[in-house]
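# Observations on the three-dimensional arrangement
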Amino acid sequence: MIRSITHPQTRAWHRAHLLRHRRMWLIMAGVIGAVLLLTFSGYFGEVAWLTLCDAVLRTTYRLAIAYSIALVLGALMALVVGWSPFSDILFPFFDILQNLPSFALIPFFIYFFGFTSNMIILFAVSSIIWPILFAILTAIKSAHKDLSDAATIFGAKGWRRIPYYLAPLSFPAMLTGSIVGIAIGWEAVIGAEIITNVAGFGDFIKEAGASGISQALVAGTLVILIIVFVINRLVWAPLLTESSKRYAE
Amino acid sequence: MPNKSQQIALVLSRVSANFEDGKERVLVLKDMSFSVPAGSFVSVVGPSGAGKSTLMRVILGLMPHTSGDIVRNFSRPAMVFQNYALFPWLTALNNVAFGLRMAGMRKTEARKTAKKKLEEVGLGHLENHYPAALSGGQRQRVGLARALAISPDLLIMDEPFSNLDTITAESLKADLLKIWRSYGITILMVNHLIPDAVEFSDQIIVMVAHPGHIKSIIPIDLPRPRDTRSAQFFKEVDLLTEATRAIS
């Protein structure tokens, strides 16, 4: 279950995160080595690589779309709620909503959208949105009053407040919210695919695993591991480094 | 020294303000009346909890007042904060350029002006540093440059020196007096150090807490530049210390 993200973006936190990433490199080198070894030894001879690639691409595509929608929607909701005088009323309402076990909602999504790719995307949005929304909301609510006053005095009023003050203010929170959200998103998309049998990575490993541990299952797991790692290294790690440089106290 | 023919930058008459704390309403400012002549240096002193910062927020319109009138004869107020309140996502230069950009100035021009202001406060070489990489004194100088950049007609300073060490504060104070003389802006400063208030001010407003109101307004007529070691200076400091001691 998702918990609201309330921890501050401290330097120590970022440092710990970066250190973890460095260790991840070592582990990943091991994983890639194992993949190569297994490939050369002919272990993956039976694997339908094209089907696997197709499945992984479908899943990644769904996650990307779901994340984009969740980011825009979550950020918008956080801005509206954080800004409005009703935030104190709406906050507990969101807290209850985010604590709903997301997979309990899947029958509703299936009822309204059928066994479709769009259903999976929307279902994933409903999981990814919470950590993003809460992280940004917390960042806006907990910002120092002086900083908000400074923004007002020096002219960031009305709609300009969003691009010039609220957006950069909540950038580190958006980052952590996104990292948590995407981790949950993989779970949601793959889980939904397993449940609904809609073509994708979830469906692929379900088929592959139906008759016990097969080469295809191992290959699929390794591929997804590598994709997650690459996204981490190429997208999140540089953003975290930048954020820790700028937002350190 | 303000003279009678001078314009008045700010007038407060019987201004009161409340804090809404859930259901409870706390009176934080009661019947505040004073005026600030344009181009003068006015200090507000008083114990913590006297509502000095609230007064500044009310004057700037960041917080509503519940009764009384405020006449604001200024159009471009700026503020320098106790905790600097620099935007951590912007470099020193972009922090200074922020107000100019918001006022619609082109990027290149805003950066040029900002660079000049940074040089004026002695930080031209640190333009590309983020606030996190600056010391307290440097941050406050960036804060001052950010305020000066928009050519303010009223500069509000909320205990700008209280987070700085003595040596840093002294050099910043000297620079501030220089800036005040050359710009001719009106400065309203919250201060908790009486000698500082006497050194800078044309007029000192002494506030009392629970609820925050004015105990007395003391004009300082010492000639400028002020000799902080003269007998007259010490006399004024003594007088003011007595006035504040009676309330705390």
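Residues numbered from 1 in each chain as written. Chains lettered and ligands numbered in written order. Predicted model: local features only at pLDDT ≥ 70, side-chain atom pairs only at ≥ 80, totals over all residues. Heavy atoms only, no water.

An unreviewed UniProt entry lists chain B under the name Nitrate ABC transporter ATP-binding protein.

Moving on to the overall build of chain B. Of the regular secondary structure elements, chain B holds 7 helices and 9 strands. A compact globule built from 248 residues should have a C-alpha radius of gyration of about 18 Å, and chain B, at 18 Å, falls within 12% of that. Taken along the three principal axes of its C-alpha coordinates, chain B extends 50 × 50 × 35 Å. Of the contacts formed within chain B by residues at least 6 apart in sequence, a portion of 69% connects residues at least 24 apart. Looking at chain B as shown, the accessible area adds up to about 11,300 Å², and 51% of this sits on carbon and sulfur atoms. Across chain B, the mean location of the 29 positive side-chain charges is 6 Å away from that of the 23 negative side-chain charges. (Helix = DSSP H or I, 4+ residues; strand = E, 2+ residues; numbered from the N terminus. Rg over C-alpha atoms; globule rule 2.2 N^0.38 Å. Contact = heavy atoms within 4.5 Å. Areas by Shrake-Rupley, 256 points an atom, 1.4 Å probe, with all protein chains shown as cover. Lys, Arg positive; Asp, Glu negative; His and termini not counted. Charge placed at Lys NZ, Arg CZ, Asp CG, Glu CD.)

What follows covers the environment of I224(A). Residues and elements named next belong to chain A. Assignment of secondary structure puts I224 in helix α10 (residues 215-247). The exposure class of I224 is buried, given its relative accessible area of 12%. For the pair I224 and M174, spaced 50 residues apart in sequence, the C-alpha to C-alpha distance is 24 Å. What I224 contacts, discounting residues up to four positions off in sequence, is V56, W186 and F201. (Buried < 20%, exposed > 50% of the residue type's maximum accessible area, 1.4 Å probe, protein only.)

What follows deals with the UniProt feature "domain: ABC transporter" (unreviewed entry) in chain B. According to UniProt, the feature "domain: ABC transporter" (unreviewed entry) maps to residues 10-234 of chain B in the numbering used here. Between the end C-alpha atoms of residues 10-234 of chain B there is a gap of 29 Å, over a span that is 34% helix and 28% strand. (UniProt positions renumbered as here; feature names shortened; annotations may be inferred.)

Taken together, the contacts link 23 residues of chain B with 23 residues of chain A. Between chain B and chain A, the buried area comes to about 2,100 Å², and carbon and sulfur atoms account for 68% of it. Among the residues of chain B in contact with chain A, W89(B), M102(B) and Y130(B) are the three that bury the most area, contributing 33% of the side total. For the pair chain B and chain A, the number of links is 1 salt bridge. R57(B) serves as the salt-bridge partner of D149(A), at 2.8 Å between the closest nitrogen and oxygen. Across the chain B-chain A interface, the total number found is 5 residue pairs in polar contact (both at pLDDT 80 or more). (Buried area = accessible area lost by both parts, 1.4 Å probe. Salt bridge = Lys/Arg side-chain N within 4 Å of Asp/Glu carboxyl O. Polar contact = N/O pair within 3.5 Å; in protein donor to acceptor, adjacent residues only side chain to side chain.)

So, on to the environment of I32(A). Residue and element names in this part refer to chain A. Tracing the backbone shows I32 in helix α1 (residues 11-40). You can call I32 partly exposed: its relative accessible area is 37%. In sequence terms I32 and I226 are 194 residues apart; their C-alpha atoms lie 7.9 Å from each other.

So, on to helix α1 (residues 52-59) of chain B. Residue and element names in this part refer to chain B. By the criterion of burial, α1 is predominantly enclosed, with 7 of the 8 residues buried. Looking only at α1, the buried set comprises K52, T54, L55, M56, R57, V58 and I59. Just beyond α1, the residue with positive phi is G61, at close to 80 degrees.

Here the focus is the sheet that holds strand β5 (residues 77-80) of chain B. Residue and element names in this part refer to chain B. Strand order in this open sheet of 6 strands is β5-β6-β7-β3-β8-β9, and the pairing throughout is mixed. Edge strands, defined here as strands with exactly one partner in the open sheet, are β5 and β9 (213-219). Direction aside, neighbouring strands of the sheet carry axes that sit 20 degrees apart on average. As defined by bridge partners, strand β8 (residues 203-208) adjoins β9 across 6 bridges and the pair is classed as antiparallel. From the neighbouring strand, I205 faces β9, where its bridge partner is I217. (Pairing = 2+ DSSP bridges. Axes fitted to C-alpha atoms, helices over the stretch in contact; angles between N-to-C directions.)

Right, let's talk about the sheet that holds strand β1 (residues 8-21) of chain B for a bit. Strand pairing in a sheet is mediated by backbone hydrogen bonds. Such pairs are either parallel or antiparallel. Residues and elements named next belong to chain B. Here we have 3 strands laid out as an open sheet, ordered β2-β1-β4, and antiparallel in their pairing. Edge strands, defined here as strands with exactly one partner in the open sheet, are β2 (24-37) and β4 (67-72). Across the sheet, the axes of successive neighbouring strands diverge by a mean angle of 25 degrees, strand direction being ignored. Where β1 and β4 come together, 5 bridges link them in antiparallel fashion. In the strand pairing of β4, S16 is matched with S67. This element, α1, spans β1, β2 and β4 of the sheet and lies at about 70 degrees to β2.

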